[in-house]
Amino acid sequence: MEQLHEFAVNNTMLLNGIILLITYFFIVWEKVSKVTVALIGASFTLLLAAFTIHGTGTTLEAYFPNFLKQIFEIIFLLVSMMIVVDISARSGMYTWVAKELVKITKGHPKLVLFALAAFTAFVSAFLDNVTTVILVMPITYAVCKMLDINPVCFLITEILASNIGGTATLIGDPPNIIIGAAANFSFMDFINELTPIVVICFFISALILIFLFRKQLIANPEKMEEIKTLSNKGTITDKPLVVRSCIILGLIILGFVTHDITHIPAFLIAMIGASILLIFEDIDKVLEHVEWNTLLFFVGLFLVIGGVEASGAIGVCADFLMKITNGSQEITTMAILWGSTFIAGVIGNIPYTTALTPVVASIQTTMGADYVYPIWWALSLGACLGGNLTIIGAAANVIVSQSAAKKGHIITFIDFLKYGSLVTIINVVLSMIYIYLKYLLK
């Protein structure tokens, strides 16, 4: 055991890196269940951690100080919002919204796609993007069923829109919550600094995606004609449930928006809302609709990445990134922007931001707040927009892809990469120009 401990300690960074690479290889290969791959990777990560801390008196909780807490909070947030959405969907309220949406757009698929994307981006700014996609998915499935269109192009667009929209506010995307706490930025700081570029990124991305998906956005003329006279009468099947759901959803949104005032964690706000709705429901039936596969995949992958972070590998990469900039504010800012985009897109934007935030805070201590101010916004834009790079770049991506697969609509790693990478690169180029003109041009 002592020999294994010594070997693990001396090679922990290398071994965790190997586990991460193998895990990602099998996820991309897609011949084995992603959930199975993630759990196997997590098992080896925990085994390596056990060998590493053997005889030191350190516990696994201490070895993964931030990640276990984040896993707990994110999982409870996801479960709670899945419960809220499932219960509220039974009232027919989402189908009602879907019908109203297609009626306004007269059933034209391209207009429907834009409307859903805009709705997703806007709501993501005031809810977190994970909660938003959970809310939007049932609307999307209902709309696509009416138009007889494969929902995959809609789902990919909504993933990208949710991550773009979530970039605009403190609570829209988990990396912003981490950055806001470290830099002491308020809700309005994010609105004032990031909303202009987020709006630009959204409109350009939406137009690009409509063009790329144009051949899939074709509906049967008869279906479109039927939609013009579509009736919403009788769609709402349980009015008391609609009232309860709307009140709870409104209070949850209010709780998220006032987070920087109340400091009540988002997962706790969602848990309270879900618990109240469960009072009137059969909990066994509700829990059957929770996406347990998605949750297990997220836990497994997060533990694998947590092992890499605990070994110091992410910190080493971040330090190297800072050294090669040679102290230039312009180069450092752009290096953080582009480095964050690609690293966060590969390992996930939450663990990356958690690892890099202390590095940026350290730079602020030595170089001053004015020097590091644009770097904070570069980190936010890079990490949040970088979440669109791959299907595992952000939690919202994982939620949608797993839910779609369960319904028979497969979004492969490569398929998502084709659209996500293009949109990400265009958005980051726009962000680079924005940051330079707003903060660095002297």
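Details of the structure are given in the entry above.
All of these numbers come straight from a predicted model, not from anything done at the bench.

Reading the values: the criteria
- Residues numbered from 1 in each chain as written.
- Predicted model: local features only at pLDDT ≥ 70, side-chain atom pairs only at ≥ 80, totals over all residues.
- Heavy atoms only, no water.
- Axes fitted to C-alpha atoms, helices over the stretch in contact; angles between N-to-C directions.
- Helix = DSSP H or I, 4+ residues; strand = E, 2+ residues; numbered from the N terminus.
- Parallel < 35°, antiparallel > 145°, perpendicular 65-115°, else oblique.
- Contact = heavy atoms within 4.5 Å.
- Nonpolar A, V, L, I, M, F, W, Y, C, P; charged D, E, K, R; others polar.
- Left-handed = near helix turned anticlockwise from the far one by under 90°.
- Buried < 20%, exposed > 50% of the residue type's maximum accessible area, 1.4 Å probe, protein only.
- Polar contact = N/O pair within 3.5 Å; in protein donor to acceptor, adjacent residues only side chain to side chain.
- Phe/Tyr/Trp six-rings, centres within 6.5 Å; stacked < 30°, edge-to-face > 60°.
- Patch = residues over 30% accessible without salt bridge, like charges linked within 9 Å, V, L, I, M, F, W, Y side chains within 5 Å.
- Areas by Shrake-Rupley, 256 points an atom, 1.4 Å probe, with all protein chains shown as cover.
- Salt bridge = Lys/Arg side-chain N within 4 Å of Asp/Glu carboxyl O.

1. Digging into the packing of helix 12 (residues 239-257) against helix 14 (residues 266-278)
Then, number 1: Relative orientation of the contacting elements helix 12 and helix 14 amounts to 170 degrees, with a least axis distance of 9 Å. Viewed along their axes, helix 12 and helix 14 adopt a mutual orientation that is roughly antiparallel. Here Arg244, Ser245, Ile248, Ile252, Gly255 and Phe256 of helix 12 come into contact with helix 14, specifically with Ala266, Ile269, Ala270, Gly273, Ile276 and Leu277.
Then, number 2: Taken together, the residues that form the contact of helix 12 with helix 14 break down as eight nonpolar, three polar and one charged.

2. Focus on the packing of helix 2 (residues 34-53) against helix 16 (residues 292-310)
Then, number 1: For the pair helix 2 and helix 16, the least separation of the axes is 8 Å and the interaxial angle reads 35 degrees. Seen along the crossing, helix 2 lies across helix 16 with a hand that is left-handed. Residues Lys34, Val35, Ala38, Leu39, Gly41, Ala42, Thr45 and Leu46 of helix 2 pack against Asn293, Leu296, Phe297, Gly300, Leu301, Leu303, Val304 and Gly307 of helix 16.
Then, number 2: When grouped by side-chain class, the residues that make up the contact of helix 2 with helix 16 number ten nonpolar, five polar and one charged.

3. A look at the side chain of Thr169
Then, number 1: Relative to the helices and strands, Thr169 resides in the loop between helix 8 (152-166) and helix 9 (174-183).
Then, number 2: Residue class for Thr169 comes out buried when judged on its relative accessible area of 1%.
Then, number 3: A polar side-chain atom of Thr169 sits 2.4 Å from the main-chain carbonyl oxygen of Ala125.

4. Comments concerning the packing of aromatic side chains
Then, number 1: Within the structure shown, the criterion is met by 16 aromatic pairs.
Then, number 2: Ring centres of Phe190 and Trp377 lie 5.0 Å apart, and the angle between their planes is 85 degrees; this geometry places the pair in the edge-to-face category. One end of the pair, Phe190, is in helix 10 (residues 187-212); the other, Trp377, is in helix 20 (residues 369-386), with 187 residues separating them in the sequence. When sorted by exposure, Phe190 lands in the same class as Trp377, which is buried.
Then, number 3: Considering the side-chain rings of Tyr373 and Tyr439, the 5.9 Å spacing of their centres and the 75 degrees angle between planes classify their relative orientation as edge-to-face. Here Tyr373 is found in helix 20, whereas its partner Tyr439 is found in helix 22 (residues 413-440), with 66 residues between them in sequence.
Then, number 4: Residue classification places Tyr439 among the buried residues on the basis of a relative accessible area of 17%.

5. Points about a nonpolar patch on the surface
Then, number 1: Taken together, the side chains of Phe342, Ile425, Val429, Ile433, Tyr436, Leu437 and Leu441 define a hydrophobic patch exposed on the protein surface, amounting to about 610 Å² of accessible area.
Then, number 2: Sort the elements by how many residues they give to the nonpolar patch and helix 22 lands first, with five residues.
Then, number 3: On the secondary structure map, Leu437 appears in helix 22.

6. Focus on the pattern of salt bridges
Then, number 1: If you walk through the whole model with that rule in mind, you get six salt bridges.
Then, number 2: Between Arg90 and Asp86 there is a salt bridge; the shortest N-O distance is 3.1 Å.
Then, number 3: Assessed through its relative accessible area of 14%, Asp86 is described here as buried.
Then, number 4: Between Lys438 and Glu193 there is a salt bridge whose closest N-O contact spans 3.8 Å. Note that Lys438 is positioned in helix 22 and Glu193 in helix 10, a separation of 245 residues in sequence.
Then, number 5: Its relative accessible area of 40% is what places Lys438 among the partly exposed residues.
Then, number 6: Linked by salt bridges that have partners in common, Asp86, Arg90 and Glu281 make up one network.

7. Observations concerning the side chain of Thr120
Then, number 1: Relative to the elements of secondary structure, Thr120 occurs in helix 6 (residues 109-126).
Then, number 2: Ignoring any residue separated from it by four or fewer positions in sequence, one finds Thr120 in contact with Thr132, Val136, Glu158, Ala161 and Ser162.

8. Concerning unusual backbone geometry
Then, number 1: Backbone geometry at Lys106 places phi at a positive 60 degrees, although glycine is not the residue there.
Then, number 2: You will see that Asp148, though not glycine, has its phi angle at about 60 degrees, which is positive.
Then, number 3: Mapped onto the elements, Asp148 comes out in the loop between helix 7 (129-147) and helix 8.

9. Quick notes on the environment of Phe114
Then, number 1: Tracing the sequence through the fold places Phe114 in helix 6.
Then, number 2: The exposure class assigned to Phe114 is partly exposed, which follows from its relative accessible area of 26%.
Then, number 3: Sequence-wise, Phe114 and Ile210 are 96 residues apart; in three dimensions their C-alpha atoms are separated by 7.6 Å.
Then, number 4: Excluding its chain neighbours within four sequence positions, the residues that come into contact with Phe114 are Phe202, Phe203, Ala206 and Ile210.

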